[in-house]
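Now for the letters of each chain:
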Amino acid sequence: MNDTSIEARKKQFEVIFSKSKEERLLMGLQMMEDVRQMVMNGIRKQNPHFSEADLKIEFIKRYYKNDLSDEYLEDVARWIRTKYP
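Here goes a summary of the coordinates provided. (Residues numbered from 1 in each chain as written. Predicted model: local features only at pLDDT ≥ 70, side-chain atom pairs only at ≥ 80, totals over all residues. Heavy atoms only, no water.)

1. With respect to the overall build of the chain
Then step 1. Check the secondary structure of the chain and you find four helices and zero strands.
Then step 2. In the chain, the succession of α and β elements from N to C terminus is α-α-α-α.
Then step 3. Computed over the C-alpha atoms, the radius of gyration of the chain is 18 Å, more than 25% above the 12 Å expected from 2.2 N^0.38 for a compact globule of 85 residues.
Then step 4. For the chain, the proportion of its 85 residues judged to be buried stands at 13%.
Then step 5. Of note, the chain has its 16 positive side-chain charges centred 2 Å away from the centre of its 15 negative side-chain charges. (Helix = DSSP H or I, 4+ residues; strand = E, 2+ residues; numbered from the N terminus. Rg over C-alpha atoms; globule rule 2.2 N^0.38 Å. Buried < 20%, exposed > 50% of the residue type's maximum accessible area, 1.4 Å probe, protein only. Lys, Arg positive; Asp, Glu negative; His and termini not counted. Charge placed at Lys NZ, Arg CZ, Asp CG, Glu CD.)

2. Quick word on a nonpolar patch on the surface
Then step 1. A cluster of nonpolar side chains, contributed by L25, L26, L29 and M32, occupies part of the molecular surface with about 430 Å² of accessible area.
Then step 2. Positionally, L26 belongs in helix α2 (residues 21-46).
Then step 3. For L26, a relative accessible area of 56% gives the class exposed. (Patch = residues over 30% accessible without salt bridge, like charges linked within 9 Å, V, L, I, M, F, W, Y side chains within 5 Å. Areas by Shrake-Rupley, 256 points an atom, 1.4 Å probe, with all protein chains shown as cover. Salt bridge = Lys/Arg side-chain N within 4 Å of Asp/Glu carboxyl O.)

3. Regarding the packing of α2 against helix α3 (residues 52-64)
Then step 1. Axis separation between α2 and α3 bottoms out at 10 Å; the angle between their running directions is 120 degrees. Overall, the two elements α2 and α3 adopt an arrangement that is oblique. In the crossing of α2 with α3, the sense of the turn from one axis to the other is right-handed. From α2, V35, R36, V39, M40, G42, I43, R44 and Q46 reach across to α3, where they touch L55, E58, F59, R62 and Y63.
Then step 2. Class assignment of the residues belonging to the contact of α2 with α3 gives a composition of seven nonpolar, two polar and four charged. (Axes fitted to C-alpha atoms, helices over the stretch in contact; angles between N-to-C directions. Parallel < 35°, antiparallel > 145°, perpendicular 65-115°, else oblique. Left-handed = near helix turned anticlockwise from the far one by under 90°. Contact = heavy atoms within 4.5 Å. Nonpolar A, V, L, I, M, F, W, Y, C, P; charged D, E, K, R; others polar.)

4. A look at the nonpolar core
Then step 1. If you look at the biggest cluster of nonpolar residues, it comprises five residues: A53, I57, V76, A77 and I80.
Then step 2. Of all the elements in the fold, those that place two or more residues in this core are α3 and α4 (70-83).
Then step 3. Ranked by residue count, the leading element in this core is α4, at three residues.
Then step 4. The contacts of I80, once residues within four sequence positions are left out, are A53, K56, I57 and I60. (Core = buried A, V, L, I, M, F, W, Y, C linked by side-chain atoms within 4.5 Å.)

5. A look at the packing of α3 against α4
To characterise two packed helices, one gives the angle between the axes of the helices and the distance between these axes.
Then step 1. Taken N-terminus to C-terminus, the directions of α3 and α4 make an angle of 160 degrees; their axes are 9 Å apart at the nearest point. When the axis of α3 is compared with that of α4, the two are roughly antiparallel. Between α3 and α4 lies a crossing of right-handed hand. Across from A53, D54, K56, I57, I60, K61 and Y64 in α3, the residues of α4 making contact are L73, E74, V76, A77, I80 and R81.

Shown next, in the form of structure tokens:
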């Protein structure tokens, strides 16, 4: 999806690159945390009965479904269940 005008995108880059490397790093980390929270909140809303282990497993499955094999995701799920019985 690309609904941002070229002028607006140029302004975004101008603002971002006017910041120090440290500030840009912190902005990126905050954005990653915001996305993680949005995913977790969506899982909680759809599955209010989930345990802490179920939440972590579903998060990993959603977040990494295109990067990790189903077999590996199941191994991770089993490992999580040993940590959150």
